[in-house]
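Results of the structural survey
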Amino acid sequence: TVAWKRLFFSNVLSSSWFACSLLSSKNKKNMSGSLEPALNGEFRKLSHGVSRSLAEYIWIGGSGLDLRSKTKVLDSVPEKIEDLPIWNYDGSSTGQAPGHDSEVLIKPVRIFKDPFREGSHILVLCETFRPLDDGSMAPLHLEDGDPCEFGSAGSNTRHFAAKVFEHPTVKAAAPWFGVEQEYTLFEADKVTPLGWPKGGFPGPQGPYYCSAGTENSFGRDIMEAHLQACLFAGVKIAGTNGEVMPGQWEYQVGPCEGLEAGDHMIVSRYIMQRVCEKYNVVVSFHPKPIPHGDWNGAGCHTNYSTAEMRDAASTFEYTATAGEFAGKPLKGGLAKIVQAIERLGAKHAEHIAVYGKHNELRLTGKHETASIATFKYGVANRGASIRIPRETFHQGYGYFEDRRPASNMDPYAVTAKIAKTTILNE
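One structure accompanies this document, and this report is about it. (Residues numbered from 1 in each chain as written. Predicted model: local features only at pLDDT ≥ 70, side-chain atom pairs only at ≥ 80, totals over all residues. Heavy atoms only, no water.)

**So, the nonpolar core**
The biggest cluster of nonpolar side chains holds 78 residues, and the ones touching the most others in it are Y183, L185, V235, I271, V338, I388 and F400. Looking at this core, the element that brings in the most residues is helix 6 (residues 260–279), giving nine residues. In this structure V235 touches F112, C230, V253, H264, V267, S268 and I271, once residues within four positions along its chain are discounted. Counting residues in each nonpolar core, the second largest holds 15 residues, with W87, A97, V124 and C126 among its members. (Core = buried A, V, L, I, M, F, W, Y, C linked by side-chain atoms within 4.5 Å. Buried < 20%, exposed > 50% of the residue type's maximum accessible area, 1.4 Å probe, protein only. Helix = DSSP H or I, 4+ residues; strand = E, 2+ residues; numbered from the N terminus. Contact = heavy atoms within 4.5 Å.)

So, in structure tokens, the structure goes:
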């Protein structure tokens, strides 16, 4: 399975490069997935009957980052997730199945409104399954040379995360997540970030973070379009801002409880890709999109709390064994937070393994990161692995921020791993 998967992605990359090169050499006109977006309005006005609905089935492809989708025409508007049928796709074309047994099933798990078609049309988030000979199905679980407890890239990590969040102890703890998705916008050449001169570099970092002005802010229209589209769809987007590197932005999803965090993050990424498609811009979730020079990477900081951490009346007591609170008896929500942080520190290597690929390029101890080789926490410290907000420290309850996850992280694997370590201590 390793050989055919690697061969598949090698062929895709080479053929995509050739196609893009051929297109750019023959036609210098800017092209996008919509080609002529202004013409789309003519067809959106057409009626397809009152009862019909277009369902865009979305799933995670073989790289773990490629989001795939296709449209099913429904004769009636579904009222609940059970009204939507299981469908299938060609897994050999996504790197998730061999050609001789290529069918992969997609099972609807959550519905969002479709911001691109509007009306009664919907986006349908799906899990992936492998059909079995007896007519049943099993969650897609791929294996390669980089094993992970949730499966390698392209597996149905949502299914395995659900087992963690459905555990009675985890459910009782009511874990909340707020995920900060950083991303970088590139021109269609995939080489030049927005706002950067071709083949060169912009002015040094400093004026771009949360900035305004044409000389500092690049891609605001995309940020605004994505924000509005997510709000329409029902994604729990909480905010957005320009980031430290020019052409880089961030949006936040949450607070979401348990599995919901992964669902809303995946759909928000899909919406971002669709928005960028219209602007002929490429969005990158690589944790170090510009590997050389004094430029920030891109993370997916994960804010986290349980009911007891948020409880101002908690009487929980804990004496810290490491870090700046070492030897100090703590009480209340803050005590629960420090206990959870120390559990995370004890499993630092396990967490790094599921926190995103190429993260070693980002976690260097520079550019607001801690070294990937060390674990440390602190109050208001953005150079730490874990940051405790100053407000949480002063109140004695609240949440903490895990700053280690990369921008390309799998939100199901990361949120489930955090809950499993901090709540179940496993």
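**Side note on the pairing of strand 2 (residues 67–74)**
Pairing of strand 1 (residues 53–60) with strand 2, which is carried by eight bridges, proceeds in the antiparallel orientation. Each residue of the ladder has a partner; that of I60, found in strand 2, is L67. Between strand 1 and strand 2, which pair antiparallel one after the other, the connecting turn spans six residues, and G64 there sits at a positive phi close to 85°. (Pairing = 2+ DSSP bridges.)

**Focus: the pattern of salt bridges**
Close approach of charged atoms allows side chains with opposite charge to pair. Applying the stated rule across the entire model yields 17 salt bridges. Of the charged contacts in the structure, one is a salt bridge between D114 and R117, with a shortest N-O distance of 4.0 Å. Since its relative accessible area comes to 1%, D114 is described here as buried. If you follow the salt bridges from partner to partner, you end up with R110, E127, R158 and D263 in one network. (Salt bridge = Lys/Arg side-chain N within 4 Å of Asp/Glu carboxyl O.)

**A look at the packing of helix 5 (residues 220–233) against helix 6**
For the pair helix 5 and helix 6, the least separation of the axes is 9 Å and the interaxial angle reads 135°. Viewed along their axes, helix 5 and helix 6 adopt a mutual orientation that is oblique. Handedness of the crossing formed by helix 5 with helix 6: right-handed. Here helix 5 contributes D221, I222, A225, H226, A229, C230 and A233 to the contact with helix 6, which in turn contributes S268, I271, M272, V275, C276 and Y279. (Axes fitted to C-alpha atoms, helices over the stretch in contact; angles between N-to-C directions. Parallel < 35°, antiparallel > 145°, perpendicular 65-115°, else oblique. Left-handed = near helix turned anticlockwise from the far one by under 90°.)

**Section: a negative patch on the surface**
Together, D101, E103, D133 and D134 make up a region of like negative charge exposed at the surface. Positionally, D133 belongs in the loop between strand 5 (122–131) and strand 6 (137–139). By relative accessible area, which is 87% here, D133 ends up exposed. (Patch = residues over 30% accessible without salt bridge, like charges linked within 9 Å, V, L, I, M, F, W, Y side chains within 5 Å. Areas by Shrake-Rupley, 256 points an atom, 1.4 Å probe, with all protein chains shown as cover. Lys, Arg positive; Asp, Glu negative; His and termini not counted. Charge placed at Lys NZ, Arg CZ, Asp CG, Glu CD.)

**What to know about empty space enclosed by the protein**
Within the structure shown, the criterion is met by four cavities of 30 Å³ or more. If you add up the space inside the largest cavity, you get close to 100 Å³. Forming the boundary of the largest cavity are W59, I60, L125, C126, E127, T128, S155, N156, T157, R158 and Y412. Counting residues per element, the ones that place at least two in the lining of the largest cavity are strand 1, strand 5 and helix 3 (157–165). If one sorts the elements of the lining of the largest cavity by residue count, strand 5 sits on top with four residues. A per-class count over the lining of the largest cavity returns five nonpolar, four polar and two charged. Taken together, 13 residues make up the lining of the second largest cavity; nearest its centre are Y208, N216, S217, Q248 and W249. Of the residues in the lining of the second largest cavity, the class split is five nonpolar, six polar and two charged. (1 Å grid on protein atoms, 1.4 Å probe; cavity = no way out; pocket = protein on both sides within 12 Å on 5 of 7 lines; lining within 4 Å. Points joined across faces, edges and corners; volume = space filled by probe spheres on them. Nonpolar A, V, L, I, M, F, W, Y, C, P; charged D, E, K, R; others polar.)

**Quick word on the packing of aromatic side chains**
Evaluated as defined, the whole model comprises 12 aromatic pairs. Relative to F177, the ring of F165 has its centre 6.0 Å away and its plane inclined at 85°; by these criteria the two rings are edge-to-face. Taken together, the residues F165 in helix 3 and F177 in strand 7 (residues 176–186) connect sequence positions 12 residues apart. Relative accessible area serves as the criterion here: at 1%, F177 is assigned to the buried category. A ring pair is formed by F325 and F393, whose centres lie 5.9 Å apart and whose planes are at 25°; its orientation type is stacked. With F325 in the loop between strand 12 (317–319) and strand 13 (329–331) and F393 in helix 10 (residues 390–395), this residue pair connects regions lying 68 residues apart in the sequence. These aromatic residues form a ring-pair network of at least three members: F165, F177, Y304 and F400. Between the NZ or CZ atom of K72 and the centre of the ring of W87, over which it lies, the distance is 4.3 Å. A cation sits over an aromatic face here: K336 above F316, 4.3 Å from the ring centre. (Phe/Tyr/Trp six-rings, centres within 6.5 Å; stacked < 30°, edge-to-face > 60°. Lys NZ or Arg CZ within 6 Å of the ring centre and 35° of its normal.)

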